[in-house]
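Summary of the model geometry
Chain by chain, the residues run as shown.
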Amino acid sequence: MLKPEQKIAELKQAKKAVVLAHFYQSKEIQANADFVGDSLEMAKKARDLEADVLVICGVSFMAETVKMLCPNKKVLLPRPEAGCFLADCATLEKVILLKEKYPQAAFVCYVNSSAEVKALSDICCTSANAVSIVKGLKEKQVVMLPDGNLALWVQSQVLQKEIIGFNGYCDCHNNITKEDVLKAKDKHSVAVVVAHPEVRQEVAQMADFVGSTAKIVNFIGESSAKEFIIVTEEGILNQLQLKYPGKSFYLVSPSLVCTSMKMITLNDLYIALLKEQYEVEINADLSRKAQIPLKRMLEDHLV
Ligand code: 13P
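Some details on the pattern of salt bridges
Tallied over the full model, the rule gives eleven salt bridges. Asp48 serves as the salt-bridge partner of Arg47, at 2.9 Å between the closest nitrogen and oxygen. By relative accessible area, which is 52% here, Asp48 ends up exposed. Notably, a salt bridge pairs Arg288 with Asp285, separated by 2.3 Å at the nearest N-O pair. Here Arg288 pairs with Asp285, and both are found in helix α16 (residues 284-298), just three residues apart, close to one helical turn.

Written as structure tokens, this is what we have:
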């Protein structure tokens, strides 16, 4: 009897399938993925792969992004109900009102958003490239959708622009308070604090480094420090422990768990490969419109 890992490996080979997983996925999923990365890296990798089938172990906006960048590939999301609270914050109606209110502004849309909201935006960004994308815009006024915390962080890095935020937030990152960081620092006084830009501004201000998940992983690799307080989703600990076994990592709070990211089990991945489910499908006209800001984001000089 084959183990699930072996069955997954056989199916991947037989179907010329590649599994891409986000850093927040469970340890088991990360171990069975061909590639683990942040949302920007996943999109770029998917765009450049030769595979016939791409299985996205992440949440729905990640799978939709991949489908829009690779319309001719079969893109599978093992649990289609794995959504994103933050992406759901920006409704079409609210974005249309903002567009009427700020007709001169550039609209920058975080990839954590629906295809409909992307289609109304000028350019997309991820947390890895948000600062460089905003800096590169010709417009002085910029509306950033849908994460208000990310908008505030980008504003702190790009003083020459006027950034208008939105009231969306990631329920997981936004839960972290200044007191959580103070408590962790009290316990681990020499540890370096690293945070994702989806945290509240007062939390970001307490961090020694703020960046996307991949940037956090790279920063820790390059740092001479041995101890780190991690202010992002707990799945990242798996890669950190694998890559840097000599270093210690302390999650700032046990509540840093994204339940949507943790929906996909090893059995779901196996069934997804076996039955080629659940295929991501996006209306052709919507996809064509949403591809424009996504592709603009991926133009080489911008990332
Ligand atoms: P990264 O792009 O940094 O991987 O973040 C994705 C995300 O959804 C954070 O909540």
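Quick notes on the packing of helix α4 (residues 60-69) against α16
For the pair α4 and α16, interaxial distance at closest approach is 9 Å and the crossing angle is 90 degrees. Our classification of the angle between α4 and α16 gives roughly perpendicular. Residues Thr65, Met68 and Leu69 of α4 pack against Ser287, Ala290, Gln291, Leu294, Lys295 and Leu298 of α16. In terms of residue class, the contact of α4 with α16 is built from five nonpolar, three polar and one charged.

Digging into the site of the ligand
Around the ligand sit His22, Tyr24, Asp38, Ser39, Phe61, Asn112, Ser127, His173, His196, Glu198, Ser212 and Thr213, and those are all the residues in its vicinity. Note that an oxygen atom of the ligand is positioned 2.9 Å from one of the side-chain N or O atoms of Ser127. His196 places a side-chain nitrogen or oxygen 2.8 Å from an oxygen atom of the ligand. A total of 300 Å² of accessible area belongs to the ligand in isolation, and the protein chains cover 96% of it.

Analysis parameters
- Residues numbered from 1 in each chain as written.
- Predicted model: local features only at pLDDT ≥ 70, side-chain atom pairs only at ≥ 80, totals over all residues.
- Heavy atoms only, no water.
- Salt bridge = Lys/Arg side-chain N within 4 Å of Asp/Glu carboxyl O.
- Buried < 20%, exposed > 50% of the residue type's maximum accessible area, 1.4 Å probe, protein only.
- Helix = DSSP H or I, 4+ residues; strand = E, 2+ residues; numbered from the N terminus.
- Axes fitted to C-alpha atoms, helices over the stretch in contact; angles between N-to-C directions.
- Parallel < 35°, antiparallel > 145°, perpendicular 65-115°, else oblique.
- Contact = heavy atoms within 4.5 Å.
- Nonpolar A, V, L, I, M, F, W, Y, C, P; charged D, E, K, R; others polar.
- Near = heavy atom within 4 Å.
- Polar contact = N/O pair within 3.5 Å; in protein donor to acceptor, adjacent residues only side chain to side chain.
- Areas by Shrake-Rupley, 256 points an atom, 1.4 Å probe, with all protein chains shown as cover.

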